[in-house]
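One letter stands for each residue in the lines below.
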Amino acid sequence: MSAPIILVLVAALVAWTPSWRRLRHVVTAVHEGGHALVAVLTGRRLGPIRLHRDASGLTTHRGLASGPGLSLTTAAGYPAPALTGLGAAALIDRGWPLAVLWTALVATVLLMLHVRNLFGWALLVLVAGALAAATRWLDGDGQSWCAQVLAWLLLLGAPRTVWELQLHRRRHRDYGSDADQLARQTRVPAIIWVTLFAAIALGALAGGGYLLLRPLS
């Protein structure tokens, strides 16, 4: 299966709302993983993580009530899928699709250790099982296809989640979103944070798309 065909198929799945509602769980898991990783790197104490049936999530952490550690942790969620997708595209471009699958598998297992609700745990078991099966039983071409599907899902899903964030903020005046929390923490308006999230997502999509399509250009 060629890279452009994989792109078209994944784009259609992300654009079609019924399929997106299911695939968004994967993007949410990476989003919460981004919060968790930066929380640990900035010295905050990571607490329980929850992944919900509606594809929302929550990562809890303890530490100072203000400061760069808190703001960096809050800001890490929305860029995480885009940057992870870009990293996956870079590995695929170098001919290392198996590294993408193994990295995803290890990250999924590590995230499982902190998830504290049944749905979230079951979701990650399913994802880990699929990744393990791909690394064990698929040949090189099959592993490359799976890695590309994962990369495109994150690259295309990241801009959609940012768009949904702003749409939800406008419709429901959601002041608990990451962008609104950052506005309170930094005094930078929430719309600036949404714009920054969008710029990162679109930039990663452009860069990752170039890397994934370059072999056939």
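Residues numbered from 1 in each chain as written. Predicted model: local features only at pLDDT ≥ 70, side-chain atom pairs only at ≥ 80, totals over all residues. Heavy atoms only, no water.

Undergrad: When you look at the pairing of strand 2 (residues 57-62) in this model, what are you seeing that I'm missing?
TA: Along any regular strand, the residues point their side chains to alternate faces of the sheet. In this structure, strand 1 (residues 45-51) lies alongside strand 2, joined through five bridges in antiparallel fashion. Within strand 2, the position partnered with Ile49 by the bridge is Thr59. Once strand 1 ends, the chain turns through five residues before running back antiparallel as strand 2, passing Ala55 with a positive phi of about 75°. (Pairing = 2+ DSSP bridges. Helix = DSSP H or I, 4+ residues; strand = E, 2+ residues; numbered from the N terminus.)

Undergrad: Looking at this structure, how should I read the pattern of salt bridges?
TA: Two side chains that carry opposite charge are able to pair once their charged atoms sit near each other. This structure, assessed with the given rule, holds four salt bridges. In this structure, the salt-bridge partner of Asp180 is Arg169, at a minimum N-O distance of 2.8 Å. Pair noted here: Asp180 is in helix 8 (residues 178-186) and Arg169 is in helix 7 (residues 140-172), with a separation of eleven residues, a long-range link. The same class applies to Asp180 and to Arg169, which are both buried. Counted as one network, the salt bridges with shared partners bring together Arg24, Arg160 and Glu164. (Salt bridge = Lys/Arg side-chain N within 4 Å of Asp/Glu carboxyl O. Buried < 20%, exposed > 50% of the residue type's maximum accessible area, 1.4 Å probe, protein only.)

Undergrad: What should I look at first to understand the nonpolar core in this one?
TA: When a protein is soluble and globular, its nonpolar side chains tend to lie buried together. Counting 39 residues, the largest nonpolar core has Val10, Leu124, Trp152 and Leu212 as the members making the most contacts within it. Going through the elements one at a time, helix 1 (3-15), helix 2 (17-41), strand 1, helix 4 (79-93), helix 5 (97-112), helix 6 (118-137), helix 7 and helix 9 (190-213) are the ones with two or more residues in this core. Broken down by element, this core gets its largest block of residues, nine residues, from helix 7. Discounting chain neighbours no more than four positions away, the residues touching Trp152 are Ala3, Ile6, Leu7, Val10, Gly157, Leu205, Gly209, Leu212 and Leu213. If you look at the next biggest cluster of nonpolar residues, it comprises eleven residues, including Ala75, Val162, Ala183 and Phe197. (Core = buried A, V, L, I, M, F, W, Y, C linked by side-chain atoms within 4.5 Å. Contact = heavy atoms within 4.5 Å.)

Undergrad: Explain the layout of surface pockets here, please?
TA: The probe, sized like a water molecule, is rolled over the atoms to show the empty space still left. Estimates place the volume of the largest pocket at around 1,200 Å³. As for the largest pocket, its lining consists of 43 residues, of which Val26, Val30, Ala104, Ala107 and Thr108 are closest to the centre. At the level of secondary structure, the elements contributing two or more residues to the lining of the largest pocket comprise helix 1, helix 2, helix 4, helix 5, helix 6 and helix 7. The element best represented in the lining of the largest pocket is helix 2, accounting for twelve residues. Here the lining of the largest pocket is built from residues that sort into 34 nonpolar, eight polar and one charged. (1 Å grid on protein atoms, 1.4 Å probe; cavity = no way out; pocket = protein on both sides within 12 Å on 5 of 7 lines; lining within 4 Å. Points joined across faces, edges and corners; volume = space filled by probe spheres on them. Nonpolar A, V, L, I, M, F, W, Y, C, P; charged D, E, K, R; others polar.)

Undergrad: I'm lost on the side chain of Ser177 in this one. Help?
TA: Along the chain, Ser177 falls in the loop between helix 7 and helix 8. Relative accessible area serves as the criterion here: at 7%, Ser177 is assigned to the buried category. With sequence-adjacent residues up to four places away left out, Ser177 is seen in contact with Leu165 and Arg169.

Undergrad: Sorry, what's going on with the packing of helix 5 against helix 7 here?
TA: Axes are the key here: two packed helices are described by the angle between their axes and the distance separating the axes. It is the contact of helix 5 with helix 7, at a shortest axis distance of 8 Å, that shows an interaxial angle of 60°. Judged on the interaxial angle alone, helix 7 and helix 5 are oblique. The crossing of helix 5 and helix 7 is left-handed. For the pair formed by helix 5 and helix 7, the contact residues are Pro97, Leu98, Val100, Leu101 and Ala104 on the first element and Gln143, Ser144, Cys146, Ala147 and Leu150 on the second. Classifying every residue of the contact of helix 5 with helix 7 by side-chain character gives eight nonpolar, two polar and no charged. (Axes fitted to C-alpha atoms, helices over the stretch in contact; angles between N-to-C directions. Parallel < 35°, antiparallel > 145°, perpendicular 65-115°, else oblique. Left-handed = near helix turned anticlockwise from the far one by under 90°.)

Undergrad: Can you walk me through the confidence of the model for the protein in this structure?
TA: Low pLDDT means the predicted atomic positions in that stretch should not be read closely. Taken as a whole, the protein shows an average pLDDT of 95; of its residues, 97% reach a score of 70 or greater. When mean pLDDT is taken per element in the protein, helix 5 scores highest with 98 and helix 7 scores lowest with 94. (pLDDT = per-residue confidence, 0-100.)

Undergrad: Any chance you could explain helix 1 here in plain terms?
TA: In an α-helix, one turn spans 3.6 residues, which is why side chains three or four residues apart end up on the same side. Over its 13 residues, helix 1 extends 18 Å from the first C-alpha to the last, a length consistent with the 18 Å expected when each residue adds 1.5 Å. Turning to helix 1, its buried residues number three or more, namely Ala3, Ile6, Val10 and Val14. On an axial view of helix 1, the arc spanned by its buried residues comes to 65°, and they lie on one face. For helix 1, the exposed residues set more than 90 degrees away from the buried face come down to Val8 and Ala15. Structurally, helix 1 contributes buried residues whose contacts are with helix 2, helix 7 and helix 9. (Expected span 1.5 Å × (residues − 1). Arc of directions from axis to C-beta.)

Undergrad: Could you clarify how one ought to interpret the side chain of Ser19 in this entry?
TA: For Ser19, the position within the fold is in helix 2. Within the local environment of Ser19, its side chain forms a polar contact with the backbone oxygen of Leu13, the two atoms lying 2.5 Å apart. Residue contacts for Ser19: discarding those within four places in its chain leaves Ala12 and Leu13. (Polar contact = N/O pair within 3.5 Å; in protein donor to acceptor, adjacent residues only side chain to side chain.)

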